[in-house]
Amino acid sequence: MLTGDVAVVAETKEDNNELWRWKESRWTNPDIDWRAGSIISAGIDVGSVSTQCVIMVDGELYAYASLRSGSGSADSAWKGTNKALEGTGMTVDNWDYCVGTGYGRVLIPMSKRAITEIACHGRGANWMYGPRIRTILDMGGQDCKVIRIDERGKLLNFVMNDKCAAGAGRGMEVFADFVGVPIIEVGERSFDIDDEPKPVSSTCVIFAKSEAAGLLREGWDVNKVLAAYCSATASRVMELMKRVGLEPELAITGGIAKNRGVSERIEKQCGMKFIPKKWHNPEYEQKSVPFDTQIAGAVGAALFARALKEKEKGK
Amino acid sequence: MLANWGYQDGSGEYFITIDTDKCDGCGKCAEVCPQNVLEIGEDPADPMRSGTVVFVSEKQRQKLRFTCSPCKSYLTAKSGSASSRPSPETLAHELKNLCCVMVCEKEAIGHSW
């Protein structure tokens, strides 16, 4: 009897797969021989929810990995690094310079220097999307920030909500799990509705969850509840965006950029479109290098690492 | 660059804005602030910049409403009844009289409240 019970428990556990979990990824550029490069720079972005490691050879993207952050920053950094290095034959000792960024930036053991994610995102988005972008909206795991930059990626104005994680990625994960929808389907399903509902009154994860429970009890369709939550997230970001002012082109980075339920609602509210998620460098487009909005911070860090190494050499 | 440090929540906007193009990192504002909200150091938003700049220290960013308000409630009370918010014009005028703002010769600090 007892063994039978245990088997049932195991089965339900399998059925209950983690809906909030997004896909971790890695990529290597097969056309680059890193041994022939002169400067190998790396950027590690340890965020509150995800960790990215980007390796560049002479300013060209060589490899990256995007994983889920653990509770320890050093541990997360190592995991990200090892994933990015997988199968390349490269080790951390081959790196000329490594810059750490993100929430856990001061605890990254292999980095020579820590740079704030604001600076890194400005630089990274400018490199990924190209010099045309002037406003960046980064929607991360536990905060969102709006950055205005000039054509060289230098910051002009920024605002970051330091206070709480409401309306950020982690909130979306919790919410997806709560309503039982895989996180990657949230965006799509939030448009599968008859008419757009009013946003939930709070983006605070805890309050929104209880409000959603109430709405579901009233007989609301799950998709409609998702729409109301996405819409609330979008309105919250709009307040921040108004503060720094919006100048085209607009770009979006971070994990929530992958959720069209939020991004398209922001577009609707501000009356502007985000620039398509494509590489500025046509070569990257041609080779169909996967464009991952989550790596922007780590890309910026790797670019700073290269610049700092060059500065060091110049001395 | 305009660096907006702080947050907004249901009760309002609490930002200190530093114009880093004007700030020369002299540190007078940090000295004069009774709550040690400000810190002088390497520009957090521009790692390639040489020289220092003022910013709101990381520990203070989430509680500006509480650390900054002693200076501001004094101003609010002075400008009229303590319970009512002064008019935007009065507020703008009063915000200029904050010690950190007054001490800055470069006019690099601003407050939104």
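As the structure is a prediction and not an experimental result, all values here were calculated from the model. (Residues numbered from 1 in each chain as written. Chains lettered and ligands numbered in written order. Predicted model: local features only at pLDDT ≥ 70, side-chain atom pairs only at ≥ 80, totals over all residues.)

A look at the overall build of chain B
(1) Moving on: In terms of helices and strands, chain B carries five helices and five strands.
(2) Moving on: Each helix and strand of chain B, ordered N terminal to C terminal, gives the series β-β-α-β-β-α-α-α-α-β. (Helix = DSSP H or I, 4+ residues; strand = E, 2+ residues; numbered from the N terminus.)

Focus: the packing of helix H4 (residues 169–179) of chain A against helix H6 (residues 205–217) of chain A
All names here are of chain A.
(1) Moving on: Following both chains from N to C, one finds H4 and H6 inclined at 25°, their axes separated by 10 Å at the closest point. In terms of orientation, H4 and H6 fall into the roughly parallel class. For the pair H4 and H6, the crossing hand works out as right-handed. Contacts between H4 and H6 pair Gly171, Val174, Phe175, Phe178 and Val179 from the former with Val205, Ala208, Lys209 and Ala212 from the latter.
(2) Moving on: Taken together, the residues of the contact of H4 with H6 sort by class into seven nonpolar, one polar and one charged. (Axes fitted to C-alpha atoms, helices over the stretch in contact; angles between N-to-C directions. Parallel < 35°, antiparallel > 145°, perpendicular 65-115°, else oblique. Left-handed = near helix turned anticlockwise from the far one by under 90°. Contact = placed C-beta atoms within 7 Å. Nonpolar A, V, L, I, M, F, W, Y, C, P; charged D, E, K, R; others polar.)

Describing the sheet that holds strand E4 (residues 60–68) of chain A
Residue and element names in this part refer to chain A.
(1) Moving on: In spatial order, the strands read E1-E4-E3-E2-E5-E6; together these six strands make up an open sheet with mixed pairing. Each having just a single partner strand, strand E1 (25–28) and strand E6 (113–114) make up the two edges of the open sheet.
(2) Moving on: Alignment of strand E3 (residues 50–57) against E4, held across eight bridges, turns out to be antiparallel. Note on E4: the bridge partner recorded for Ile55 is Ala63.
(3) Moving on: Each of strand E2 (40–46), E3, E4, strand E5 (97–101) and E6 touches helix H10 (residues 296–314); the most contacted strand, E2, lies at about 140° to it. (Pairing = 2+ DSSP bridges.)

Here we look at the domain arrangement of chain A
Residue and element names in this part refer to chain A.
(1) Moving on: Each assigned domain of chain A is listed with its residue range as follows: domain 1 (18–132 + 279–314) and domain 2 (159–270).
(2) Moving on: Each of domain 1 and domain 2 has a C-alpha centre, and the two are 28 Å apart.
(3) Moving on: Each partner contributes to the interface: domain 1 provides 14 residues, whereas domain 2 provides 20 residues.
(4) Moving on: If you tally residues by element for the side of domain 1 that touches domain 2, the top one is helix H3 (residues 117–129), at four residues.
(5) Moving on: Of the residues in the side of domain 1 that touches domain 2, the class split is eight nonpolar, five polar and one charged. (Domains from an automatic or database assignment.)

Description of unusual backbone geometry
Residues and elements named next belong to chain A.
(1) Moving on: A cis geometry characterises the amide bond from Pro248 onward to Glu249, with omega recorded as -5°.
(2) Moving on: Position of Glu249 among the secondary structure elements: in the loop between helix H7 (222–244) and strand E10 (250–253).
(3) Moving on: At Asp58, a position not held by glycine, the phi torsion is positive, near 50°.
(4) Moving on: When you line up the elements, Asp58 lands in the loop between E3 and E4.
(5) Moving on: The class for Asp58 is partly exposed, based on 14 C-beta atoms found within 10 Å.
(6) Moving on: Backbone geometry places Ser288, a non-glycine residue, at a positive phi of 45°.
(7) Moving on: By the element assignment, Ser288 lies in the loop between helix H9 (282–286) and H10.
(8) Moving on: Exposure remark for Ser288: the 8 C-beta atoms within 10 Å place this residue in the exposed category. (Buried ≥ 20, exposed ≤ 12 C-beta atoms within 10 Å, placed from the backbone.)

Remarks on the environment of Arg260 of chain A
(1) Moving on: With respect to the helices and strands, the residue Arg260 of chain A is situated in helix H8 (residues 260–270).
(2) Moving on: Taking the C-alpha atoms as reference points, Arg260 of chain A and Gly169 of chain A, separated by 91 residues in sequence, lie 13 Å from one another.

Details of the interface of chain B and chain A
(1) Moving on: Taken together, the contacts link 15 residues of chain B with 16 residues of chain A.
(2) Moving on: A breakdown of the residues in the side of chain B that touches chain A according to their chemical character gives eight nonpolar, four polar and three charged.
(3) Moving on: Relative to strand E1 (residues 2–9) of chain B, strand E9 (residues 155–160) of chain A is paired through three bridges, and the arrangement is parallel. Bridge pairing in E1 of chain B links Phe158 of chain A to Ala3 of chain B.

A word on the nonpolar core
Residues and elements named next belong to chain A.
(1) Moving on: In this structure, Val54, Ile55, Tyr64, Phe158, Tyr229 and Ala302 are the most contacted members of the largest nonpolar core, which totals 116 residues.
(2) Moving on: Broken down by element, this core gets its largest block of residues, twelve residues, from H7.
(3) Moving on: Looking at which domains feed residues into this core, each of domain 1 (18–132 + 279–314) and domain 2 (159–270) gives three or more.
(4) Moving on: Not counting residues up to four positions away in its chain, the partners in contact with Tyr229 are Phe175, Val200, Ala208 and Ala212. (Core = buried A, V, L, I, M, F, W, Y, C linked by C-beta atoms within 7 Å.)

Things to note about the sheet that holds strand E2 (residues 12–19) of chain B
(1) Moving on: Read from one edge to the other, the open sheet built from seven strands follows the order E10(A)-E7(A)-E8(A)-E9(A)-E1(B)-E2(B)-E5(B), with strand pairing classed as mixed. In the strand order of this sheet, the two ends are held by E10 of chain A together with strand E5 (109–112) of chain B, each with one partner. Taken over all neighbouring pairs, the strand axes of this sheet differ in orientation by 15° on average, direction set aside.

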